[in-house]
Amino acid sequence: MNLHEYQSKFRFAEFGIPILKGKTAGTPQEAYEAARELGCPVVVKAQVLVGGRGKAGGVKVAKTPEQAEEYANAILGMNIKGLTVRKVLIDPAANIAQEIYLGITNDRAAGRPVIMASSEGGVEIEQVARENPDAIAREHIDPFLGLLDYQARNLASGINLPHEHWRAFSRIATNLYRCYLSSDSVLAEINPLVITKENQLIALDGKMIIDDSALFRQPHLAEMRDTDAEPKEETQARAAGISYVKLNGQIGCMVNGAGLAMTTMDMTKLYGGDEIGPANFLDIGGGAQASKVAAALRIILADTNVKSVLFNIFGGITRCDEVARGILEALNEVPSSLPMVIRLVGTNSEEGRAIIDNANIPNLSSAATLTEAAKKAVEAARKALAAEKGAQ
Amino acid sequence: MAILVNQDTRLIVQGITGREGSFHTKQMIEYGTNLVGGVTPGKGGEWVHGKPVFDTVKKAVDATGANTSIIYVAAPYAPDAIYEAVDAGIKLIVCITEGIPIIEMMKVSEYLSSHDSRLIGPNCPGLLAPGIAKIGIMPGYIGTPGNVGVVSKSGTLTYEVVYALTQAGMGQTTCVGIGGDPIIGTNFVEILQMFEEDPETEKVVLIGEIGGRAEVDAAEFIKANMTKPVAAFIAGKSAPPGTRMGHAGAIIEGGEGTATEKIEALLEAGVRVADNPEQIPALLK
């Protein structure tokens, strides 16, 4: 789960990391008042869960409260890479002397947290890693010991930070690790961490990603989820306990198991080419009971781009004949005239197919293999698209 | 001979009285696994499917000589179950549980690095050594004894491939699900090494997915160390970057962990890579 800049920085502040004490605004009027209260100049920053907002015109320096209001008016409602800006952060402007990077993430291969610093702040760390890897200093952290003081010094030394800033930098690094750990983050990043002309270190921009698996013990953070920033189908799916990701294609996919769900998406893309592809990732989990299939079907069909539906179910412990009955029951509950292809594999797959075929539902067909199923679903979607074009 | 399990395997089930634990205990016994008991704190003295339940792993080990454990314990309690198994001297621990916080797994991983136990998983379907043992949740009928070793990050996608192999008349030595989490106990490379050393395994199937670089490490290992032919499938070619696809570990981060980079690394290592999992049996011929 991603946190907005303001949420991340306010969280940093709770752990003693210096930030500019800004205010959020949801209307131009609020932006005006925030700017007047804080004292100009201020920076008006779009709060949106995607990178590249600066280039899109989502960050502006305002010299007066009136200007802050004007910029907020332009930025609020702005569409940045498909996401609508609903909030701006009004921050006092800083006199920047130098920008550095400081971030903590989990190193999968090492199985440990890794803290990274770079002398090139304000640039994405991945880009620095590709273009100038020597600019990055790294320390792996023993999760039982935490970040040790000498490791923070190693980072400061590694990025050639002037000695006068070491103490402040070490304190920020230690506090960032405490924040990372206490928040169950998979990423806690200050970029840039600036040295001001007044010789202060300040977290100017921040980003945190919280481990979805840990939200059960982070109710306070779980509440910060911005459901406006995600498709409504994803919010519904989460409530129904279904793992769903909305994509841009036309074939609604309903699958049990995450790996098989990805594979099913890949197959629709393989046979669909540039035009046709998956409308979603969806894992209904084990069992495939009628109620869950119905809930998943409602979510898939809420996406108006969907032109055909592909079921791909491996009947492992749940037998395919039971799965087939569950699907038919769900179709009864959620009627749709879209073409649907069902592929069942595993225990009693032939019985399952017979149940589907004998139901004699005109828009429903079965397939024996994944290849056949994907091709059928692609063909149905292609026909529907062609018919739509013809009608125009 | 299979890898990881053999005739000396003595299995206990942690969380044996729970719904999942009890259901799969029955399935594992019916498959013929040498399941000697289980553990649920507070339920010591009870019996599940004819097997004794103990309050602690230590007591279960003392009474039954267990050397392997399977964990069906809910995510908030699963790390504790792993530590308990390690400290009781269990040598092979398989953890099915999905949704353990990453920070807890980093601690587990650190603890394991200084102990003599191996963890498979978490968030995995476990192991199936056809004809010998089933430890986990894989449906037993999908496999048949033979000479193919299968290692995978997935559940149902693995069943799909194993079932296709069985139907094509190609049996398996062992099918290992290593799990779809970012931090797991045993990675591809370690299982590949076991398959390379196992005299009965002649061919290997690797099933990976987007996220991390375990498949790239596997490719480097295969290129440098493996003499046996390997076929592979990587799921998630059509997945968008920055979005988690079901498994906690299945995410392209900062442009890294794409299916394309993994496929290229595997092809470069001489691995036969399938576009479609249904091609796997043909690629092994």
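Residues numbered from 1 in each chain as written. Chains lettered and ligands numbered in written order. Predicted model: local features only at pLDDT ≥ 70, side-chain atom pairs only at ≥ 80, totals over all residues. Heavy atoms only, no water.

What to know about the overall build of chain A
Move 1: Each helix and strand counted, chain A has 13 helices and 19 strands in total.
Move 2: Taken over the C-alpha atoms alone, chain A extends approximately 80 × 50 × 40 Å along its principal axes.
Move 3: Considering chain A as a whole, with its 392 residues, one finds that 54% of them fall into the buried category.
Move 4: Across chain A, every contact between residues at least 6 apart in sequence was considered, and the portion connecting residues at least 24 apart equals 68%.
Move 5: Counting only carbon and sulfur atoms, one obtains 48% of the accessible surface of chain A, whose full area is about 16700 Å².
Move 6: The average position of the 41 basic charges and that of the 47 acidic charges among the side chains of chain A differ by 1 Å. (Helix = DSSP H or I, 4+ residues; strand = E, 2+ residues; numbered from the N terminus. Buried < 20%, exposed > 50% of the residue type's maximum accessible area, 1.4 Å probe, protein only. Contact = heavy atoms within 4.5 Å. Areas by Shrake-Rupley, 256 points an atom, 1.4 Å probe, with all protein chains shown as cover. Lys, Arg positive; Asp, Glu negative; His and termini not counted. Charge placed at Lys NZ, Arg CZ, Asp CG, Glu CD.)

A few points about the sheet that holds strand β12 (residues 203-209) of chain B
Each strand in a sheet pairs with its neighbour through backbone hydrogen bonds, running either in the same direction (parallel) or in the opposite one (antiparallel).
Residue and element names in this part refer to chain B.
Move 1: Spatially, β9-β8-β11-β10-β12-β13-β14 is the arrangement adopted by the seven strands of the open sheet, whose pairing is mixed. On the outer flanks of this sheet lie β9 (133-136) and β14 (272-273), each paired with one strand and no other.
Move 2: The strands touched by helix α7 (residues 214-225) within the sheet are β12 and β13 (230-235), with β12 carrying the most contacts at an inclination of about 155 degrees. (Pairing = 2+ DSSP bridges. Axes fitted to C-alpha atoms, helices over the stretch in contact; angles between N-to-C directions.)

Topic: the sheet that holds strand β2 (residues 23-25) of chain A
All names here are of chain A.
Move 1: With antiparallel pairing, four strands are arranged side by side in an open sheet as β2-β7-β3-β4. Unpaired on one side and paired on the other, β2 and β4 (59-62) mark the two borders of the sheet. Direction aside, the axes of adjacent strands within the sheet are offset by 25 degrees on average.
Move 2: Bridge count for strand β3 (residues 42-46) against β4 is four bridges, and the pairing is antiparallel. In the sheet register, valine 42 faces β4, and the bridge partner there is alanine 62.
Move 3: Those strands touched by helix α2 (residues 28-38) are β2, β3 and β7 (88-92), and its axis lies near 160 degrees from that of β2.

Considerations on the packing of helix α8 (residues 232-240) of chain A against helix α10 (residues 290-302) of chain A
Residue and element names in this part refer to chain A.
Move 1: Interhelical geometry of α8 versus α10 gives an angle of 170 degrees and a closest axis separation of 9 Å. Looking at the two axes, α8 sits roughly antiparallel to α10. Seen from α8, the contacting residues are Lys232, Glu233, Gln236, Ala237 and Ala240; seen from α10, they are Lys292, Ala295, Ile299 and Ala302.
Move 2: Of the residues belonging to the contact of α8 with α10, the class tally is five nonpolar, one polar and three charged. (Parallel < 35°, antiparallel > 145°, perpendicular 65-115°, else oblique. Nonpolar A, V, L, I, M, F, W, Y, C, P; charged D, E, K, R; others polar.)

Looking at the nonpolar core
Move 1: Counting 98 residues, the largest nonpolar core has Ile70, Leu165, Ile191, Leu192, Val205, Leu206 and Met245 of chain B as its most contacted members.
Move 2: Every residue in contact with leucine 192 of chain B, bar those within four places of it in the chain, is listed here: Val151, Val204, Leu206, Ala218, Phe221, Ile222 and Met226 of chain B. (Core = buried A, V, L, I, M, F, W, Y, C linked by side-chain atoms within 4.5 Å.)

Structural notes on the environment of lysine 269 of chain A
Move 1: Within the secondary structure, lysine 269 of chain A sits in helix α9 (residues 258-272).
Move 2: Residue lysine 269 of chain A is classed as partly exposed on the basis of its relative accessible area, which comes to 35%.
Move 3: Residues lysine 269 of chain A and valine 378 of chain A, spaced 109 residues apart in sequence, show a C-alpha to C-alpha distance of 8.6 Å.
Move 4: Excluding residues within four positions of it along the chain, lysine 269 of chain A makes contact with Asp274, Ile276, Gly277 and Pro278 of chain A together with Ser238 of chain B.

Here's the deal with the interface of chain A and chain B
Many descriptions give the size of an interface as the accessible area lost when the pieces come together.
Move 1: The interface is formed by 51 residues belonging to chain A together with 55 residues belonging to chain B.
Move 2: Together, the buried faces of chain A and chain B total about 4000 Å²; carbon and sulfur atoms form 63% of this surface.
Move 3: Taken together, the links from chain A to chain B amount to five salt bridges.
Move 4: For arginine 244 of chain B, the salt bridge is made with aspartate 212 of chain A, and the minimal N-O distance between the two is 3.7 Å.
Move 5: Applying the counting rule to chain A against chain B returns 14 residue pairs in polar contact (both at pLDDT 80 or more).
Move 6: Taken together, the residues of the side of chain A that touches chain B break down into 23 nonpolar, 15 polar and 13 charged. (Buried area = accessible area lost by both parts, 1.4 Å probe. Salt bridge = Lys/Arg side-chain N within 4 Å of Asp/Glu carboxyl O. Polar contact = N/O pair within 3.5 Å; in protein donor to acceptor, adjacent residues only side chain to side chain.)

Observations regarding the pairing of strand β1 (residues 11-14) of chain B
All names here are of chain B.
Move 1: Covered by surrounding structure in β1 are Leu11 and Val13 together with Ile12 and Gln14, the residues of both alternating faces.
Move 2: Relative to strand β5 (residues 68-71), β1 runs parallel, the two being bridged by four bridges. Its bridge partner being in β5, leucine 11 is matched across the sheet by threonine 68.
Move 3: Two elements, β1 and strand β2 (residues 35-39), share four bridges in a ladder whose sense is parallel. The residue of β2 that forms the bridge with isoleucine 12 is glycine 37.
Move 4: In this fold, β1 hands off to helix α1 (residues 19-31), which returns the chain to β2; that crossover is right-handed. (Right-handed = clockwise from strand over helix to strand, strands pointing away.)

Quick notes on the side chain of serine 154 of chain B
Move 1: Mapping serine 154 of chain B onto the fold places it in the loop between β10 (145-152) and α5 (156-167).
Move 2: Setting aside anything within four residues of it in sequence, one finds serine 154 of chain B in contact with Gly259 of chain A together with Pro125, Glu209 and His247 of chain B.

What to know about helix α6 (residues 166-182) of chain A
Residue and element names in this part refer to chain A.
Move 1: Between its first and last C-alpha, α6 extends 24 Å over 17 residues, near the 24 Å set by a 1.5 Å rise per residue.
Move 2: If you check which residues of α6 are buried, you get Phe169, Ser170, Ile172, Ala173, Asn175, Leu176, Tyr177, Cys179 and Tyr180.
Move 3: At the exit of α6 stands aspartate 184, carrying a positive phi of roughly 50 degrees. (Expected span 1.5 Å × (residues − 1).)

Topic: the packing of α7 of chain B against helix α8 (residues 259-268) of chain B
In a pair of packed helices, the angle between the axes and the distance between the axes together describe the arrangement.
Residue and element names in this part refer to chain B.
Move 1: Where α7 contacts α8, the axes come no closer than 8 Å and their chain directions differ by 5 degrees. Taken together, the axes of α7 and α8 lie roughly parallel to each other. Of the residues in α8, those touching α7 at Glu215, Val216, Ala219, Ile222 and Lys223 are Glu261, Lys262, Ala265, Leu266 and Glu268.
Move 2: When its residues are assigned to classes, the contact of α7 with α8 shows five nonpolar, no polar and five charged.

Concerning the pattern of salt bridges
Move 1: Enumeration according to the criterion identifies 32 salt bridges over all chains in this entry.
Move 2: With a shortest N-O distance of 3.4 Å, lysine 237 of chain B and aspartate 275 of chain B are connected by a salt bridge. With lysine 237 of chain B in the loop between β13 and α8 and aspartate 275 of chain B in the loop between β14 and α9 (280-284), this residue pair connects regions lying 38 residues apart in the sequence.
Move 3: Taking relative accessible area as the criterion, aspartate 275 of chain B reaches 37% and is therefore assigned partly exposed.
Move 4: Taken together, the shared-partner salt bridges connect Glu5, Lys9, Lys45, Arg53, Asp91 and Asp205 of chain A into one network.

Digging into the confidence of the model for chain B
Should the pLDDT be low somewhere, the predicted coordinates at that spot are not to be read in detail.
Move 1: Of the residues in chain B, 100% reach a pLDDT of 70 or more, and the chain-wide mean stands at 96.
Move 2: Confidence estimates for the predicted assembly give a pTM of 0.94 and an ipTM of 0.94. (pLDDT = per-residue confidence, 0-100.)

Focus: helix α1 (residues 5-14) of chain A
Think of an α-helix as 3.6 residues a turn; residues three or four steps apart then line up on the same face.
Residues and elements named next belong to chain A.
Move 1: Of all the 10 residues making up α1, seven are buried; the element is thus mostly covered by neighbouring parts of the structure.
Move 2: Buried residues of α1: Glu5, Tyr6, Gln7, Ser8, Lys9, Arg11 and Phe12, and no others.
Move 3: Where α1 ends, the next residue or the one after it, glycine 16, has phi of about 80 degrees, a positive value.

So, the packing of aromatic side chains
Move 1: If you walk through the whole model with that rule in mind, you get six aromatic pairs over all chains.
Move 2: For the pair phenylalanine 314 of chain A and tyrosine 159 of chain B, a centre-to-centre distance of 5.7 Å together with 65 degrees between the ring planes defines the contact as edge-to-face. With phenylalanine 314 of chain A in strand β17 (residues 308-315) and tyrosine 159 of chain B in helix α5, this pair bridges two chains. When sorted by exposure, phenylalanine 314 of chain A lands in the same class as tyrosine 159 of chain B, which is buried.
Move 3: Each residue in the set Phe314 of chain A together with Tyr141, Tyr159 and Tyr163 of chain B is aromatic and connected to the rest through ring pairs, giving one cluster. (Phe/Tyr/Trp six-rings, centres within 6.5 Å; stacked < 30°, edge-to-face > 60°.)

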